[in-house]
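So you can see what is in the structure, the chains are spelled out below.
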Amino acid sequence: MKPVVGIVMGSDSDLPLIQETAGVLEKLGILFEVTIGSAHRTPERVIEYALTAADRGIQAIIAVAGLAAHLPGVIASKTSLPVIGVPVDAGPLNGVDALYSIVQMPGGVPVASMAIGKAGARNAGIFVAQILALGIG
C-alpha cells in the first residue's frame, strides 16, 4: 500500500511536532510519508515534491512551518491537492508569525490552517482524515 498523506516539514527540528500528527494518522490506519523541505533553503525540492505528489498517490499534504512559514503556500501554489498548514510554536512570536503567514494566502492559493503547535498538529491529522473520508482528496 502507498502513502496517501504527505507530511512536509521545513526542518528536522519540527519532528516532535510531526509526531503528534503521525500518532493520529497511525491510530486511524492512514498511511503517510514524511519529508523535509524548506521553501527558503531547498525550494527546488519542495516544488518537485508538490508537483509529483498526486502522481505518487498522495491525496492531501500537511505542511509544518515556522517563522515566515512559506512552505504551505509554496506547496499549494504547485498542486491542486488539499494543503493543510501547521504553524510551529517557535521563534520570537511563538508561532503567531507563522500563523499569519499561513492564513494570509493570496486568492487562488488555498491553504487550510490549523492552530499553533501540538494542538494544530493533532488537528491536522484529524482534518486530513475527514478529507479522505469524503473521497474527494
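This text goes with the structure placed above it.
Remember, it's a predicted structure, so these values are computed and weren't measured experimentally.

A.B. asks: Help me understand helix H2 (residues 43–52), please; the structure alone is not making it clear to me.
C.D. replies: A turn of α-helix holds 3.6 residues, and therefore any two residues three or four places apart point the same way. Turning to H2, its buried residues are Val46, Tyr49 and Ala50. Considered in projection along H2, the buried side chains sweep an arc of 95 degrees and stay on one side of the axis. Elements in contact with the buried residues of H2: strand E1 (5–9), strand E2 (32–36), strand E3 (60–65) and helix H3 (71–78).

A.B. asks: What exactly am I supposed to notice about the packing of helix H1 (residues 15–28) against helix H5 (residues 118–134) here?
C.D. replies: Relative placement of two packed helices is described by the angle separating their axes and the distance separating the axes. The geometry of H1 relative to H5 is characterised by a closest axis approach of 8 Å and an angle of 30 degrees between their N-to-C directions. Taken together, the axes of H1 and H5 lie roughly parallel to each other. Crossing of H1 over H5 shows right-handed handedness. In this structure, H1 uses Leu17, Glu20, Thr21, Val24, Leu25 and Leu28 to contact H5, whose residues at the interface are Lys118, Ala121, Arg122, Gly125, Ile126, Val128 and Ala129. Grouping the amino acids of the contact of H1 with H5 by side-chain chemistry returns 8 nonpolar, 2 polar and 3 charged.

A.B. asks: Looking at this structure, how should I read the side chain of Asp14?
C.D. replies: Mapped onto the secondary structure, Asp14 falls in the loop between E1 and H1. Buried within the structure, Asp14 lacks any salt-bridge partner; Arg41 is the closest side chain of opposite charge, at an N-O distance of 6.8 Å. What Asp14 contacts, discounting residues up to four positions off in sequence, is Met9, Val64 and Val88.

A.B. asks: For this particular structure, what's the right way to read the sheet that holds strand E5 (residues 112–113)?
C.D. replies: Two strands in a sheet stick together by hydrogen bonds in their backbones, pointing the same way (parallel) or opposite ways (antiparallel). Pairing is parallel in the open sheet, where 5 strands are placed in the order E2-E1-E3-E4-E5. The open sheet has two free edges, formed respectively by E2 and E5, since each of these has just one partner strand. Relative to E5, strand E4 (residues 83–87) runs parallel, the two sharing 2 bridges. Among the inter-strand pairings, Ile84 is bridged to a residue of E5, identified as Ala112. Relative to E1, H1 is tilted by about 170 degrees, and along the sheet it contacts E1, E2, E3 and E4.

A.B. asks: How should I be thinking about unusual backbone geometry in this particular structure?
C.D. replies: Trans is the prevailing form of peptide bonds, just as negative phi is the prevailing case for residues other than glycine. Residues other than glycine seldom take positive phi values, yet Ala69 does so here, at roughly 55 degrees. Within the secondary structure layout, Ala69 lies in the loop between E3 and H3. A positive phi angle, close to 55 degrees, is found at Asn94, a residue other than glycine. Mapping Asn94 onto the fold places it in the loop between E4 and helix H4 (96–103). For Asn94, a relative accessible area of 55% corresponds to the exposed category.

A.B. asks: I'm lost on the pairing of E2 in this one. Help?
C.D. replies: Every other side chain in a regular strand lies on the same face of the sheet, so the side chains alternate between the two faces. In this structure, E1 lies alongside E2, joined through 5 bridges in parallel fashion. Considered in E2, the bridge of Gly6 is made with Glu33. This β-α-β element, E1 to H1 to E2, shows right-handed connectivity.

Criteria and thresholds
- Residues numbered from 1 in each chain as written.
- Predicted model: local features only at pLDDT ≥ 70, side-chain atom pairs only at ≥ 80, totals over all residues.
- Heavy atoms only, no water.
- Buried < 20%, exposed > 50% of the residue type's maximum accessible area, 1.4 Å probe, protein only.
- Helix = DSSP H or I, 4+ residues; strand = E, 2+ residues; numbered from the N terminus.
- Arc of directions from axis to C-beta.
- Contact = heavy atoms within 4.5 Å.
- Axes fitted to C-alpha atoms, helices over the stretch in contact; angles between N-to-C directions.
- Parallel < 35°, antiparallel > 145°, perpendicular 65-115°, else oblique.
- Left-handed = near helix turned anticlockwise from the far one by under 90°.
- Nonpolar A, V, L, I, M, F, W, Y, C, P; charged D, E, K, R; others polar.
- Lys, Arg positive; Asp, Glu negative; His and termini not counted.
- Salt bridge = Lys/Arg side-chain N within 4 Å of Asp/Glu carboxyl O.
- Pairing = 2+ DSSP bridges.
- Right-handed = clockwise from strand over helix to strand, strands pointing away.

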